[in-house]
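# A structural walkthrough
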Amino acid sequence: MFLSTRFFRNFLSFPTKMSTLERVLANNELAEGLISSLKSEIDGIRGMKIEQKKRELREENVRLRLEVQKAQEKLVQLECASGRRQISVPGQKDVPMDVQEVPKAAEKPVDMENNKPPAEKKPKKEKPAQSKPQALPEAPIDVGRLDFRVGRIVEVSRHPDADSLYVEKIDCGESQPRTVVSGLVKFVPIEEMQNRLVVILCNLKPAKMRGVTSEAMVMCASSPDKVEILSPPEGSIPGDLVSCTGFQRSPDAQLNPKKKIFETCAPDLKTNADLVACYQNSPLEVPGKGVIRAQSLKNVSVK
């Protein structure tokens, strides 16, 4: 009796379980159908957009090709109107003969935009020939083109990157002292450099010497074994100009290194037997105060 009852109950519930399974399977099939349908629609939409884009690009190419062709035709018309002969190029449409052979004076050029002939140009009036100003002859290369002045060393130190160089600040009568680099370490003690009057060449082009820009040159009497700083006459002050008897003082604003002006004058800059610094045996001097001298070096180069 117990077994019969349990079997009966299972038998009654079997249709219910089968019905649920069938619904699940049916829903699964329905979902797969929907997914397949959606994929087909998406593929169709994508294909339609691609075709539409291709069609738009083809239409754009046709439009641009027509615009280029119109521009070329307009250019040919304008060139023919101005009398330019057209020459056929292989691979291009032949230019009509009546367009090729238009002579320059056959017809007046036409303004293609306004369909009007352009205004006739008035003949230019010839201007009377004007004589060009002649370039002034260059001054002769001599000591007059060198800007020698008196200066005072107000500060001196050793060059940070070169054992043989001093870096000086020299007052030469200007608003700011000039920075000057001199290779005098081996010849003049630093104590003798401080607060000393010197003669400097001021119109050299500034140049860097081991990283420090030098704006002038201290003039010295020089032999192979000894170098002495030239001394201005007593009573000189920073800014005093140095001239040379017999040569007009007319210094360049800045010496052009390509013209080698100082290099040309240098062989004639020497001290004489009286220790006086000279150019071609004419003394260098501060007018009204005296001549420039070396301490002991006679008949040696000044540089």
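Please refer to the structure higher up on the page.
Quick look at the structure, then. (Residues numbered from 1 in each chain as written. Predicted model: local features only at pLDDT ≥ 70, side-chain atom pairs only at ≥ 80, totals over all residues. Heavy atoms only, no water.)

### Here we look at the pattern of salt bridges
- Scanning the model with the defined rule gives ten salt bridges in all.
- With a closest N to O distance of 2.6 Å, Glu67 and Arg63 form a salt bridge. Taken as a pair, Glu67 and Arg63 lie in helix H1 (residues 2-81) at a separation of four residues, close to a single helical turn.
- We note a salt bridge from Lys289 to Asp240, for which the minimum N-O separation is 2.7 Å. In this pair, Lys289 is assigned in the loop between strand S13 (282-286) and strand S14 (290-291) and Asp240 in the loop between strand S9 (227-229) and strand S10 (243-244), connecting sequence segments 49 residues apart.
- Relative accessible area serves as the criterion here: at 34%, Lys289 is assigned to the partly exposed category.
- A network of salt bridges, in which partner residues are shared, links Asp147, Arg149, Glu174, Arg178 and Arg249. (Salt bridge = Lys/Arg side-chain N within 4 Å of Asp/Glu carboxyl O. Helix = DSSP H or I, 4+ residues; strand = E, 2+ residues; numbered from the N terminus. Buried < 20%, exposed > 50% of the residue type's maximum accessible area, 1.4 Å probe, protein only.)

### Looking at the environment of Asn281
- Tracing the chain through its elements places Asn281 in the loop between strand S12 (277-279) and S13.
- Accessibility expressed as a relative area gives 73% for Asn281, which makes it exposed.

### What about the nonpolar core?
- If you look at the biggest cluster of nonpolar residues, it comprises 25 residues, and the most contacted ones within it are Leu146, Phe148, Leu269 and Leu284.
- Secondary-structure elements contributing two or more residues to this core are strand S1 (148-158), strand S4 (197-201), helix H4 (261-265), S12 and S13.
- In terms of residue count, the dominant contributor to this core is H4 (three residues).
- Every residue in contact with Leu269, bar those within four places of it in the chain, is listed here: Val143, Leu146, Phe148, Phe262, Cys278, Tyr279, Leu284, Val300, Ser301 and Val302.
- Tyr166, Cys172, Met193 and Ile229 belong to the second-largest nonpolar core, a separate cluster that totals 18 residues. (Core = buried A, V, L, I, M, F, W, Y, C linked by side-chain atoms within 4.5 Å. Contact = heavy atoms within 4.5 Å.)

### Considerations on the pairing of strand S2 (residues 166-171)
- Pairing geometry for S1 and S2, over six bridges, is antiparallel. The residue of S2 that forms the bridge with Arg152 is Asp171.
- Relative to strand S3 (residues 178-182), S2 is paired through five bridges, and the arrangement is antiparallel. What sits directly across from Ile170, in S3, is Arg178.
- Linking S2 back to S3 in an antiparallel pair, the connection comprises six residues, with Gly173 at a positive phi of about 80°. (Pairing = 2+ DSSP bridges.)

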